[in-house]
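Here is what each chain is made of, one letter per residue.
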Amino acid sequence: MIPYLLFATAFGLLLLGIHRKMIARIQRRPGPPVWQEILHALKFSFKSTWVPATASEVLFVSVVLIAIGIWTAAFFVLVTGGSLLIIFAIYMLHKIVEHGFGLSSGSPYGKFGGVRSVISAASEIPLFVSVSAVAIFTGSLQISDIIAYQAESGPLFFAIPLAALALYLVILSKFPSSPFAIVESKEIVSGYKTEHFGVWRAGLETCNGLKTYVLLLTFLSVFVGAIPFIGVLLAMILIVVSLAFVCALCPMLSPFDSVTIQTIITGIMLIYVLYLGAFG
Amino acid sequence: MIGAGGSPLRYLEFGDIVIYFSPYTLALFLLALVFTVLVIASKPERQLDIAFGADAFTTKDIGLSEMRFRRFMAIACGLASMGAMVTGDVFDFCLFTSLVGICNVGIVAAVKSRHVQGAAFQYGLVALAGTVPLFGGAAIVAATTGTLSLIELSSTLLPAVPLVVKGFLVLGVMGEGMAPFYAAKAEMFRAPGAPYVIMCSLSSLLIFLRVIEVVLQM
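Calculation notes
Residues numbered from 1 in each chain as written. Chains lettered and ligands numbered in written order. Predicted model: local features only at pLDDT ≥ 70, side-chain atom pairs only at ≥ 80, totals over all residues. Heavy atoms only, no water. Helix = DSSP H or I, 4+ residues; strand = E, 2+ residues; numbered from the N terminus. Rg over C-alpha atoms; globule rule 2.2 N^0.38 Å. Buried < 20%, exposed > 50% of the residue type's maximum accessible area, 1.4 Å probe, protein only. Contact = heavy atoms within 4.5 Å. Areas by Shrake-Rupley, 256 points an atom, 1.4 Å probe, with all protein chains shown as cover. Lys, Arg positive; Asp, Glu negative; His and termini not counted. Charge placed at Lys NZ, Arg CZ, Asp CG, Glu CD. Salt bridge = Lys/Arg side-chain N within 4 Å of Asp/Glu carboxyl O. Expected span 1.5 Å × (residues − 1). Patch = residues over 30% accessible without salt bridge, like charges linked within 9 Å, V, L, I, M, F, W, Y side chains within 5 Å. Buried area = accessible area lost by both parts, 1.4 Å probe. Polar contact = N/O pair within 3.5 Å; in protein donor to acceptor, adjacent residues only side chain to side chain. Nonpolar A, V, L, I, M, F, W, Y, C, P; charged D, E, K, R; others polar. Axes fitted to C-alpha atoms, helices over the stretch in contact; angles between N-to-C directions. Left-handed = near helix turned anticlockwise from the far one by under 90°. Core = buried A, V, L, I, M, F, W, Y, C linked by side-chain atoms within 4.5 Å. pLDDT = per-residue confidence, 0-100.

## Quick look at the overall build of chain B
Consideration 1: Scanning chain B from N- to C-terminus turns up eight helices and four strands.
Consideration 2: For a compact globule of 218 residues, the expected C-alpha radius of gyration is about 17 Å, and chain B comes in at 19 Å, within 12% of that figure.
Consideration 3: The principal-axis extent of the C-alpha atoms belonging to chain B is close to 70 × 30 × 25 Å.
Consideration 4: Burial statistics for chain B: of 218 residues in total, 54% are counted as buried.
Consideration 5: Within chain B, contacts between residues separated by at least 24 positions form 71% of all contacts whose residues are at least 6 apart in sequence.

## Observations concerning the overall build of chain A
Consideration 1: The helix and strand tally for chain A stands at 12 helices and zero strands.
Consideration 2: Each helix and strand of chain A, ordered N terminal to C terminal, gives the series α-α-α-α-α-α-α-α-α-α-α-α.
Consideration 3: Relative to the 2.2 N^0.38 estimate, which gives 19 Å for 280 residues, the radius of gyration of chain A is 18 Å and therefore close to what a compact globule would have.
Consideration 4: The principal-axis extent of the C-alpha atoms belonging to chain A is close to 55 × 40 × 40 Å.
Consideration 5: Burial analysis of chain A (280 residues in total) assigns 59% to the buried set.
Consideration 6: Roughly 10800 Å² of accessible area belongs to chain A as shown, and the carbon and sulfur atoms make up 73% of that amount.
Consideration 7: Averaging the positions of the 15 positive and the 11 negative side-chain charges in chain A gives two centres separated by 11 Å.

## Some points on the pattern of salt bridges
Consideration 1: Following the criterion strictly, the structure yields three salt bridges over all chains and no others.
Consideration 2: The partner of Arg20(A) in a salt bridge is Glu37(A), and the shortest N-O contact between them spans 3.0 Å. Here Glu37(A) lies in helix H2 (residues 36–45) and Arg20(A) lies in helix H1 (residues 2–26), a separation of 17 residues in the sequence.
Consideration 3: The exposure class of Arg20(A) is partly exposed, given its relative accessible area of 33%.
Consideration 4: The residue Arg210(B) makes a salt bridge to Glu213(B) at a minimum N-O spacing of 2.9 Å. In this pair, Arg210(B) and Glu213(B) are both assigned in helix H8 (residues 194–217), three residues apart and thus about one turn of the helix distant. For the pair Arg210(B) and Glu213(B), one class covers both residues: buried.

## Some words on H8(B)
Consideration 1: Between the first and last C-alpha of H8(B) there are 34 Å, a value that for 24 residues agrees with the 34 Å anticipated at 1.5 Å per step.
Consideration 2: Burial within H8(B) is extensive, with 23 of its 24 residues counted as buried.

## Description of helix H3 (residues 57–79) of chain A
Consideration 1: In this model H3(A) runs 34 Å from its N-terminal to its C-terminal C-alpha over 23 residues, within 8% of the 33 Å that 1.5 Å per residue would give.
Consideration 2: Directly beyond the C-terminal end of H3(A), a positive phi value near 70° is found at Gly81(A).

## Re a nonpolar patch on the surface
Residues and elements named next belong to chain A.
Consideration 1: A cluster of nonpolar side chains, namely Trp35, Leu39, Leu42 and Phe46, defines an oily patch on the protein surface of about 490 Å² accessible area.
Consideration 2: Topologically, Phe46 is positioned in the loop between H2 and H3.
Consideration 3: Look at Phe46 and you get exposed, because its relative accessible area is 73%.

## Quick notes on the interface of chain B and chain A
Consideration 1: Listed per partner, the contact involves 40 residues of chain B and 35 residues of chain A.
Consideration 2: Here chain B and chain A share an interface that buries about 3100 Å² over both sides, 80% of which is from carbon and sulfur atoms.
Consideration 3: Our count for the contact surface shared by chain B and chain A stands at zero salt bridges.
Consideration 4: Counting across the chain B and chain A interface gives two residue pairs in polar contact (both at pLDDT 80 or more).
Consideration 5: Top element by residues in the side of chain B that touches chain A is H8(B). It accounts for 13 residues.
Consideration 6: A class-by-class count of the residues in the side of chain B that touches chain A yields 29 nonpolar, five polar and six charged.

## Structural notes on the environment of Met1(A)
All names here are of chain A.
Consideration 1: Checked against the element boundaries, Met1 lands in the segment before H1.
Consideration 2: Sequence spacing of Met1 and Phe76 is 75 residues, and the spatial spacing of their C-alpha atoms is 8.4 Å.
Consideration 3: Sequence-distant contacts of Met1, defined by excluding residues within four places in its chain, comprise Phe75, Phe76, Val79 and Thr80.

## Observations concerning unusual backbone geometry
Trans is the common state for peptide bonds, and a negative phi is the common state for residues other than glycine.
Consideration 1: A positive phi is found at Arg28(A), a non-glycine position, where the angle reads about 60°.
Consideration 2: Relative to the helices and strands, Arg28(A) resides in the loop between H1 and H2.

## Considerations on the environment of Gly17(A)
Consideration 1: Tracing the sequence through the fold places Gly17(A) in helix H1.
Consideration 2: Along the backbone, Gly17(A) and Ile38(A) are 21 residues apart, and their C-alpha atoms lie at a distance of 7.9 Å.

## Remarks on the side chain of Gln150(A)
All names here are of chain A.
Consideration 1: Looking at where Gln150 falls in the secondary structure, it is placed in helix H7 (residues 143–153).
Consideration 2: Among the polar contacts made by the side chain of Gln150, one reaches the main-chain carbonyl oxygen of Val222 at a distance of 3.2 Å.
Consideration 3: Once residues lying within four places of it in the same chain are set aside, the contact partners of Gln150 are Pro155, Leu156, Ser221, Val222, Phe223, Val224 and Gly225.

## Topic: the packing of H1(A) against helix H11 (residues 229–249) of chain A
Residue and element names in this part refer to chain A.
Consideration 1: Taken N-terminus to C-terminus, the directions of H1 and H11 make an angle of 35°; their axes are 8 Å apart at the nearest point. Our pair here, H1 against H11, has a crossing hand that is right-handed. Across the interface between the two elements, Tyr4, Phe7, Phe11, Leu15, Ile18, His19, Met22, Ile23 and Ile26 from H1 touch Phe229, Leu233, Met236, Ile237, Val240, Val241, Leu243, Ala244, Phe245, Cys247, Ala248 and Leu249 from H11.
Consideration 2: For the contact of H1 with H11, the class distribution of residues is 20 nonpolar, one polar and no charged.

## Focus on the nonpolar core
Consideration 1: One finds Trp71(A), Phe223(A), Leu169(B) and Met218(B) to be the most contacted residues of the largest nonpolar core, which totals 144 residues.
Consideration 2: In terms of residue count, H8(B) provides more of this core than any other element does, 16 residues in total.
Consideration 3: When residues no more than four places from it in sequence are discounted, the contact partners of Leu169(B) are Val90(B), Cys94(B), Pro133(B), Leu134(B), Ala138(B), Val211(B), Val214(B), Val215(B) and Met218(B).

## Describing the confidence of the model for chain A
Reading predicted coordinates in detail is not appropriate for stretches of low pLDDT.
Consideration 1: For chain A, per-residue confidence averages 84 on the pLDDT scale, and 98% of positions sit at 70 or higher.
Consideration 2: Put simply, helix H5 (residues 108–119) of chain A is where chain A has its lowest mean pLDDT, 75, and H11(A) is where it has its highest, 92.

## Some details on the confidence of the model for chain B
Consideration 1: Averaged over all residues, the pLDDT of chain B equals 82, while 91% of them reach at least 70.
Consideration 2: When pLDDT is averaged over each element of chain B, helix H1 (residues 23–41) of chain B comes out on top at 89 and helix H7 (residues 183–186) of chain B at the bottom at 60.

Here's what the structure looks like:
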């Protein structure tokens, strides 16, 4: 399992690199090499590491370990076919991690990133809608049961496409340069991660790689079902390419617009799941 | 849906109140525990504010007495969150949720900032209103099924819990600090003292995550 965890982290970073490269090519820039995010993680591992004088030291360091810990837990839950509800919980708790990253340093840029993370709480609700729709259809929240259901009845992607779209939007909101990535937009430097450098940033990059892999694998497990491992990797690349098109062609929204649009999407998705509950 | 968060791993009986640890509730309990330990072990950060119109900045320091009070409230909030994560009783869950709301107000009410105190007051009103559907839901559960035990409620032998109860419980928890009522709470994050302020958002999220399991369990 540990080699698979390491592979997942590295492949997640590679996916983020492909995402950056695709955005650059769509915008007619050369862009960085696809392995740039892996190089970033390695580079930060060997750079000088410090804790700002104004920071809450224990929280500043602990939050990096918590970030890695929760996504490692999510990975194990996913590959062992555990409860989708736990993945949902970990995804929501990642917000607290972003909040902790931002507030613990004392930097105003980090603080703005952390507060933006909290105010965009509506972006999590579509995931709740996805989980509810899946529960209504399959009668279970165990990922192993959901995969078994799809082996018998076909992919849920075709049965509940709007729930799949909801999860796709959740993944989009967590991708760098997305229209909803207000927590790390450039007017607040790097947002919640501004002050974390050296080993702490390497830890955060590692967490981001693992998070990307886990989210994409969750999407494929829940809406496509069991497919060969090579197929999983190719499907992940395809999803990342589609996300890159959205990120390259849509401007980043202002915090107000981002929250408004996410709230509207959430409202539509809630109506959809109520419809499924009543007539599905 | 029985065992939405996985099958219970362990039961702890306190008279007729049973606490249970499923993979889901255990994960949430551990997170509440970790952040409570962090509250105990961390000192608050010193927030930097940029002075507009000048090449200068200021830092906000927290006084010792304020820090002690806020830390006490944050620890109380952590303990209430832990209780809410593992309790197997609907009424206890509502009690712990209300306690979280009170502690959240306490965590920031000591901050000497007009904006923060205004936000805390507004949040307190919303949280207070949220307790009405919360305890109303618990009362209807007791009236319709004769029990408040989540383990008994998950069995198919009892009458079905009315759908309105689930709506009441979710609405009550949302009043304790979830979107869209979260707007009243956002200003509270102006307050310095990251380890304590984080407990405000963490506790609300944990309670929301638990109520999903509670309504699925019924």
